[in-house]
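Commentary on secondary and tertiary structure
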Amino acid sequence: MDTATPEDLLSEIDGLKLRLSEAQEALDAIKTGSVDAFAIRKDGKPEVFTLQSLDYAYRILIEKFSEGALNLTLDGLIIYNNGYFSKLIDTPNEKVTGSYIFDLISRDCREKFQEQFALALHGCSKTETILSVNNKEIPVYVSLTSLQPQLATVGMIVTDLSEKKQNEHLIINYRNHLQIQNKIFNLAEEIADIGSYQRNLETGELTYSDNLFRMLGCQPQEFVPSMEKYLGFVDPDDKDRLRQPVSEAPDKTAPFQLTYRIVTKDGKIKHFRNTERAIDERGRKMTIGTIQDVTSHVAHTETLRNKNIELENLNKSLDQFAAIASHDLQEPLRKIRTFTSLLKQRLKEAPPNGNTELLDKIKGSSERMSLLIRDVLHFSRVLHMEDMFVEIDLNQVLNNTLKDFDLLILEKNASVSIDNLPVIEAIPLQINQLFNNLFANALKFTKKGIPASLRVSSRILQPEETGNEFNSRFNLNRALCYSEIRFADNGIGFEQQFAEQIFSIFERLNNREQYSGTGIGLALCQKIVEHHQGAIRAEGRVNEGAVFYVLLPLTQAAQINQIKRKNITV
Amino acid sequence: MTENITIFIADDDEDDKQLFIDSAREVNERIHFVTASDGQEALRLLKEEQNVRPDYIFLDLRMPRFSGKQCLEEIRKDKRLHDIPVFIYTTSTDERDSAELRQLGAVHFISKPADSGDVYYILSVVLETKWDLSYET
Amino acid sequence: MENKSNLDFDISGKVSLQLYITGMSENSQRAIRNITRLCDRYPKGRVDLEIIDIYKNPSVAEHQKIIFSPSLVRQFPLPRRTFIGDLSDVEKVIPGLGIILKE
């Protein structure tokens, strides 16, 4: 027997009481379910034993996860799968458990999946694959992890990529669409002769479209765009006009538009119409602009304007011509009718005698008719001309004309003096006609008994003279250089008040008995000079003679490098 | 009628003028004619105060220098002349001309007939009618 | 002292506590909540609290015969005392911990 003191015994009892109460507590706790597990040393190794309710929380976690979770044997047999997974593959839970995971993988992906599964047996692996169940293909991302050594299973987490794939698809579509749009845009720019640019107002960065480079005569993106570089292309006269609006554009809400000239890299002159506008693109302050090549438009507008003026003039003279021509052509015919009726009458009254007078009149009328028709044809031919302009020496033309009038000159005892005339671009036949008519007039309207004297001279018109009191009504082409040829005679002259009238077709200042002619000569002269972009005017004094001024340009088209043209605002 | 009347005719066409005079004489052999060959001459003759005031004025439209229309306008402005009946005697058959000239004060617009007989007829009608000019503006 | 309630208490000396739990169980969660609420009520630095997951650390059983989860062990002040369960029964826990309640 031990010699234990009563104190020792009491202490031991206290200790036992404590341990007992603790044990009781433990049992109570187990009974009431307030403990989930306990750790205990078993065979020298610590082990954890789980009581009923513990894995509940984990279960809930896995089940409610919005990812698929499975537990697979090392052969790939599904021993557990969560609610999400069954829903994903639209197969009831009971049917999934017990099937092989490989059967759920789409055939094309199976091999790769098997590789990944094999890898996972020794660690983990992640891969994209496609599930194929009930004829539905589901793209997924799977993460495989071996749960060894604790469990001889492989855990698998499945993430549905359908939406992601859809989005990817959309993005690819959008990207393709955008690429096509860009191509179309670039093509459109090329076709429409438009270039565009963007300017970031904060960084000053400038971006040009490919076509803008091309319009400047450069390769796309040939240089780094900058304002200074661009101004290098702009015509010096227009530079300042451009600088100001450009710096103001960001502040103004209205777009600015300006047309100016540029010279391309290869020396071509073009007209650009530039429109720029400020935009606020997601907080970035920018301006965007387009540049349209309006060079041909400018040329066309001018051509159009000229054509319209031509057309107006043509119409005017056609109307005038038609009214007067029909009237004058009627006259001989009417006379023929009148005289024949008179003749008939007289023949009835008296036996034929002295009626040659009437017959002569009839003959005369028919002759007049022919002459009129000839002249009218002449005149109308001048209205539809397609003849070519060539360089002709007016001195030669004049000399030829003189030859035609040899006899008449002798008859009238006329003297002709000619100063040196210039060489011009003209239609030879028409200028011939022109000089012919002027000469014919000069030799027709001579004063009786006084030898006719005709002087032909010329000078170059000063540019400012094209708009003076005499010439302003002709609207001469300011870009051309004009020669003024002067035909002066000492004949019967005319009142200055009729100076314009005489150029009207068939218009006469004297009647038929006094001077022959159909009255078409000067009208024809006017038509001819107008066709040459020139003009004709007359000055006269009764009984003192007349002077005809013929204005003809030296060339038909302006030489570009000679003439400085003003900017054309479109 | 037997009173002496004076007819003024301006026409650049001698044949037409002669035909007119011959036909008028057949209607009334005692007509006195004053003639002009162009618009300028016509106005000069008409405005000269010492000349006889004509009872009828015939004007061709298309004449050298001043046209018949211009003459008509001048006549209508002239106090001495404006109540004389003015006839436009012309080759024109244009109705627009007719309307325009009547507007300007011409009493009648006559298109020159081709047939000489018609000239006689027209003149006989004209000369036998009393022309009322009360509508003038 | 901020919160004045009849549960205000005071302790003397440092207290060393270990709370044994098993992952995510409801009981463990409650135990954690309860003990941290308790510990929040007194000055920092006075209590040393360790929360140990017996799944992650089964070796804690080395030193004791058996460890329940959830359970709270007071290592100091001695003697060692164990409270099994989620510690909802405050009346029992507090005196057990040696915390003197201030009335």
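Criteria and cut-off values
Residues numbered from 1 in each chain as written. Chains lettered and ligands numbered in written order. Predicted model: local features only at pLDDT ≥ 70, side-chain atom pairs only at ≥ 80, totals over all residues. Helix = DSSP H or I, 4+ residues; strand = E, 2+ residues; numbered from the N terminus. Buried ≥ 20, exposed ≤ 12 C-beta atoms within 10 Å, placed from the backbone. Pairing = 2+ DSSP bridges. Axes fitted to C-alpha atoms, helices over the stretch in contact; angles between N-to-C directions. Left-handed = near helix turned anticlockwise from the far one by under 90°. Contact = placed C-beta atoms within 7 Å. Nonpolar A, V, L, I, M, F, W, Y, C, P; charged D, E, K, R; others polar. Expected span 1.5 Å × (residues − 1). Arc of directions from axis to C-beta.

Residue and element names in this part refer to chain B. Tracing the backbone shows Asn51 in the loop between helix H2 (39-47) and strand E3 (56-59). Owing to 13 C-beta atoms within 10 Å, Asn51 belongs among the partly exposed residues under this scheme. C-alpha separation for the pair Asn51 and Val34, spaced 17 residues apart in sequence, amounts to 9.6 Å.

Right, let's talk about the sheet that holds strand E9 (residues 206-208) of chain A for a bit. Backbone hydrogen bonds hold the strands of a sheet together, and the pairing may be parallel or antiparallel. Residue and element names in this part refer to chain A. A sheet is described by the order of its strands in space; here five strands give the open sequence E9-E8-E12-E11-E10, paired in antiparallel fashion. The open sheet has two edge strands with one neighbour each: E9 and strand E10 (256-263). Averaged over all pairs of adjacent strands, the angle between their axes in this sheet comes to 25°, without regard to strand direction. Taken together, the 10 bridges between strand E11 (residues 269-281) and strand E12 (residues 284-293) define a ladder with antiparallel strand orientation. Considered in E12, the bridge of Thr275 is made with Thr290.

Residue and element names in this part refer to chain A. Packing of helix H15 (residues 428-444) against helix H16 (residues 521-531) leaves a shortest axis separation of 9 Å and a crossing angle of 145°. Of the two possible hands of crossing, H15 and H16 adopt the one that is left-handed. Counted together, Gln430, Gln433, Leu434, Asn437, Leu438, Ala440 and Asn441 of H15 and Gly521, Leu522, Leu524, Cys525, Ile528, Val529 and His531 of H16 form the full contact between these two elements. Here the residues of the contact of H15 with H16 are counted per class, giving eight nonpolar, six polar and no charged.

Okay, the sheet that holds strand E17 (residues 482-489) of chain A next. Residue and element names in this part refer to chain A. Read across the sheet, five strands follow the order E14-E16-E17-E19-E18 without closing on themselves; strand pairing throughout is mixed. Looking at strand neighbours, the two that pair on one side only are strand E14 (415-418) and strand E18 (535-541), the edges of this open sheet. Averaged over all pairs of adjacent strands, the angle between strand axes in this sheet comes to 15°, irrespective of strand direction. As judged from the four bridges shared by E14 and strand E16 (residues 453-460), these two strands associate in the parallel manner. Paired with Ser415 across the two strands is Ser453, which belongs to E16. Those strands touched by H16 are E18 and strand E19 (545-553), and its axis lies near 140° from that of E18.

Counting residues at the interface gives 19 residues for chain A, matched by 22 residues for chain C. Those elements that place two or more of their residues in the side of chain A that touches chain C are helix H1 (6-32), strand E1 (37-42), strand E2 (45-50) and helix H2 (54-64) of chain A. When the residues that make up the side of chain A that touches chain C are grouped by side-chain class, the tally is 12 nonpolar, two polar and five charged. As paired elements, E1 of chain A and strand E4 (residues 66-69) of chain C share four bridges and run antiparallel to each other. Pairing of Ala39 of chain A across the sheet is with Ile67 of chain C, part of E4 of chain C.

This next bit is on the environment of Gln114 of chain A. Residue and element names in this part refer to chain A. Tracing the backbone shows Gln114 in helix H6 (residues 107-120). Owing to 14 C-beta atoms within 10 Å, Gln114 belongs among the partly exposed residues under this scheme. Each C-alpha atom of the pair Gln114 and Gly76 lies 9.3 Å from the other, and the pair is 38 residues apart in sequence.

Residue and element names in this part refer to chain C. Counted at 1.5 Å a residue, the expected span for helix H1 (residues 26-40) with its 15 residues is 21 Å, and the 21 Å between its end C-alpha atoms agrees. Among the residues making up H1, those that are buried are Asn27, Ser28, Ala31, Asn34, Ile35 and Leu38. Here the buried residues of H1 occupy an arc of 130° about the axis, which is enough to place them on one side. Among the exposed residues of H1, those pointing more than 90 degrees away from its buried face are Thr36, Arg37 and Asp40. Looking at the buried residues of H1, the elements they touch are strand E2 (15-21), strand E3 (47-53), E4 and strand E5 (71-76).

Contacts between chain B and chain A engage 15 residues on the former and 17 residues on the latter. For the side of chain B that touches chain A, the elements supplying multiple residues, two or more each, are helix H1 (14-27) and helix H5 (116-128) of chain B. Sort the elements by how many residues they give to the side of chain B that touches chain A and H1 of chain B lands first, with three residues. Along the lines of polarity and charge, the residues of the side of chain B that touches chain A split into three nonpolar, five polar and seven charged.

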